[in-house]
Amino acid sequence: MASVAKRADGQWRARYRDAAGREHARHFRRKVDAQRWLDGVTAAIETGTYVDPRAGRVAVGEWAGRWLEGQAQLKPTTRARYRGILDGHVLPRWADRPLTTLAHAEIQTWVAEQRAAGMAPATVRKHFRVLSLVLDLAVRDGRLARNPCTGVNLPRAEQARRRYLTHEQVHLLAAETARPRPDTRLPHRERAVMDSYRLVVLVLAYCGLRWGELAALKVARVDVARRRLEVVESVVEVDGVLVWGVPKGYERRSVPVPAFLLEELRSYLQGRDPDDLLFTGLRGGGVLRNRIFRRAGFDRAAETVGLDGLVPHELRHTAASLAVSSGANVKAVQRMLGHASAALTLDTYTDLFDDDLDAVAHRLDDAARHVRAGLAD
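Residues numbered from 1 in each chain as written. Predicted model: local features only at pLDDT ≥ 70, side-chain atom pairs only at ≥ 80, totals over all residues. Heavy atoms only, no water.

> Would you mind going over the overall build of the protein with me for this structure?
Broken down by element type, the protein carries 14 helices and 8 strands. For the C-alpha atoms alone, the extent of the protein along its principal axes is close to 95 × 80 × 40 Å. Burial analysis of the protein (377 residues in total) assigns 38% to the buried set. For the protein, the proportion of contacts with a sequence separation of at least 24, taken over those separated by at least 6, is 60%. A total accessible area of about 21300 Å² is found for the protein, and carbon and sulfur atoms account for 51% of it. The average position of the 60 basic charges and that of the 46 acidic charges among the side chains of the protein differ by 6 Å. (Helix = DSSP H or I, 4+ residues; strand = E, 2+ residues; numbered from the N terminus. Buried < 20%, exposed > 50% of the residue type's maximum accessible area, 1.4 Å probe, protein only. Contact = heavy atoms within 4.5 Å. Areas by Shrake-Rupley, 256 points an atom, 1.4 Å probe, with all protein chains shown as cover. Lys, Arg positive; Asp, Glu negative; His and termini not counted. Charge placed at Lys NZ, Arg CZ, Asp CG, Glu CD.)

Put into structure tokens, the structure is as follows:
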């Protein structure tokens, strides 16, 4: 039901009722403008793109809270990261603004301002993605006709050059990590735990586990007979609290262990209870936390062997590199690292497979030469 009528003050009143029976009206100085507006609303209703003007009046801050509460699929670390981005970067700019007032040009300016402030392209893109996800929900909920983030130009992400360690560097780093400071006298138990940190480096570098997967490993998950580590759970620290869950991607996997490392693990496991954590903190046992491990010796060891700034996660990249250099194909690397697909592995480590491209060219050349020789005969 819609109509255009002239008011006593000379203005034209266009009105309509939506599907819920609520009346909406606007006033115009010219009848043609009132009719044009009413025609646009009618067309939107008929095509299913109609949005109740009042539905979009909710503030971005309130809507962002609803959005985050509804993300039941998120792992604790991802939820905490989104919460930090909202509180630190999205809401300070947009919290009090009604959804319908956000304009494409404003969001483009916001992106440019962050880049101009010195933020890395990847960081700017993460902030933008969270805002876009919040507004995507508003579109699906019928509060916005379209997402104003659509088509915003983003800074090109810079691909950081990864650092791949050699076998020699891995073993030097492992040995140095387990070496206590010269001026430190550790009790026997803590000395034994410190010694185990050499194995931590080796497991990370040769098996490619994520830190949370390594910290959650229990003695029973070392399958000596099959030469495998069974990765079935993960533990992460969120705001100082340890949260246990499943590995990233919700995929259990079986990771191969080199024979030399398996022998060391076999000796290390003697006398241990199956439910014991494989690696523990330096003092008081418990879960081995990344920051404690780094402070205990890893950071100092990395600097000593000329790998300043190295972090434990980079050993996962090294595991991929060492596997590829040993002849592993992309599918085997994918399974070892627990990637969702071989395409993701290839996209992540394209530079490691350059030799494969050269091998393809050599094989094509050999085949072509063989055919040409046969034709000549």
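Resuming the write-up.
> Is there a simple way to explain the confidence of the model for the protein in this structure?
One rule of thumb: low pLDDT means the predicted coordinates there are not for detailed reading. Averaged over all residues, the pLDDT of the protein is 87; the fraction at 70 or higher stands at 92%. Confidence, read as mean pLDDT per element, is least for helix α14 (residues 354-376) in the protein (70) and greatest for helix α4 (residues 104-116) (96). (pLDDT = per-residue confidence, 0-100.)

> Which parts of the structure should I look at to understand the sheet that holds strand β4 (residues 222-223)?
Pairing between the strands of a sheet comes from backbone hydrogen bonds, and it takes one of two forms, parallel or antiparallel. The sheet built from 3 strands is open, its strands ordered β4-β5-β8 with antiparallel pairing. Two strands close off the open sheet at either side, each with one partner strand: β4 and β8 (253-256). Here 2 bridges tie β4 to strand β5 (residues 228-231), and the two strands are oriented antiparallel to one another. Residue pairing across strands places D223 opposite R228, the latter belonging to β5. (Pairing = 2+ DSSP bridges.)

> Sorry if this is basic, but what is going on with the layout of surface pockets here?
The method is simple in principle: a probe with the dimensions of a water molecule rolls over the atoms, and the space it marks as empty is what remains. Considered as a void within the structure, the second largest pocket measures approximately 220 Å³ in volume. Residue lining of the second largest pocket: R226, R228, S254, P256, A323, S326, A328, A332, V333, R335 and M336, and that is the complete set. Of all elements in the fold, only β8 and α12 (330-337) reach the threshold of two or more residues within the lining of the second largest pocket. Partitioning the lining of the second largest pocket into residue classes produces 6 nonpolar, 2 polar and 3 charged. (1 Å grid on protein atoms, 1.4 Å probe; cavity = no way out; pocket = protein on both sides within 12 Å on 5 of 7 lines; lining within 4 Å. Points joined across faces, edges and corners; volume = space filled by probe spheres on them. Nonpolar A, V, L, I, M, F, W, Y, C, P; charged D, E, K, R; others polar.)

> I would appreciate a short explanation of the packing of helix α3 (residues 76-94) against helix α5 (residues 121-140) in the present structure.
Describing two packed helices takes the angle between their axes plus the distance from one axis to the other. Their axes nearest at 10 Å, the elements α3 and α5 cross at an angle of 80°. By the angle between their directions, the pair α3 and α5 is classed as roughly perpendicular. Mapping the contact onto sequence places Y82, I85, L86, H89, V90 and W94 in α3 and K126, H127, R129, V130, L131, L133 and V134 in α5. Grouping the constituent residues of the contact of α3 with α5 by class yields 9 nonpolar, 2 polar and 2 charged. (Axes fitted to C-alpha atoms, helices over the stretch in contact; angles between N-to-C directions. Parallel < 35°, antiparallel > 145°, perpendicular 65-115°, else oblique.)

> I keep staring at the environment of R143 and nothing clicks. Help me out?
Mapped onto the secondary structure, R143 falls in the loop between α5 and α6 (167-177). Here the alpha-carbon distance between R143 and V124, two residues 19 residues apart in the chain, equals 26 Å. One polar contact links R143 to D141, side chain to side chain, over a distance of 2.8 Å. (Polar contact = N/O pair within 3.5 Å; in protein donor to acceptor, adjacent residues only side chain to side chain.)

> What's the story with the sheet that holds strand β2 (residues 12-17) in this structure? I'm lost.
Ordered in space as β1-β2-β3, the 3 strands form an open sheet in which the pairing is antiparallel. Of all strands in the sheet, those bounded by a partner on one side alone are β1 (2-6) and β3 (23-28). Taking the axes of each pair of neighbouring strands and ignoring which way they run, one obtains an average angle of 20° across the sheet. With 5 bridges joining them, β1 and β2 adopt antiparallel strand pairing. Directly across from A5, in β2, lies its bridge partner R13.

> Hey, could you run me through helix α9 (residues 259-268) in this one?
Each α-helix turn comprises 3.6 residues. Residues three or four places apart therefore point the same way. Taken residue by residue, α9 has L261, L262 and L265 as its buried positions. Seen along its axis, α9 keeps its buried residues to an arc of 100°; they face one direction. Those residues of α9 that are buried are in contact with α7 (188-207) and β5. (Arc of directions from axis to C-beta.)

> Can you help me understand the nonpolar core in this one?
One broad trend across soluble globular proteins is that nonpolar side chains are buried collectively. Counting residues in each nonpolar core, the largest one holds 58 residues, and the members touching the most others are L173, Y197, V200, L209, L229, L261 and L315. Taken together, the elements giving at least two residues each to this core come down to α6, α7, α8 (211-216), β5, α9, α10 (290-304), α11 (314-325) and α12. Residues contacting V200, with those up to four places away along its chain left out, are W211, L214, F279, L288 and F293. The next biggest cluster of nonpolar side chains, apart from the first, holds 28 residues, and it includes V124, V130, L131 and C149. (Core = buried A, V, L, I, M, F, W, Y, C linked by side-chain atoms within 4.5 Å.)

> Help me understand α10 in this model?
Most pronounced at A296, the bend in α10 amounts to some 55°. For α10, the complete set of buried residues consists of F293, A296, G297, F298, R300, A301 and A302. Where the residues of α10 are buried, they touch α6, α7, α8 and α11. Where α10 ends, the next residue or the one after it, G306, has phi of about 80°, a positive value. (Bend = angle between axes of the 7 residues up to and from the residue.)

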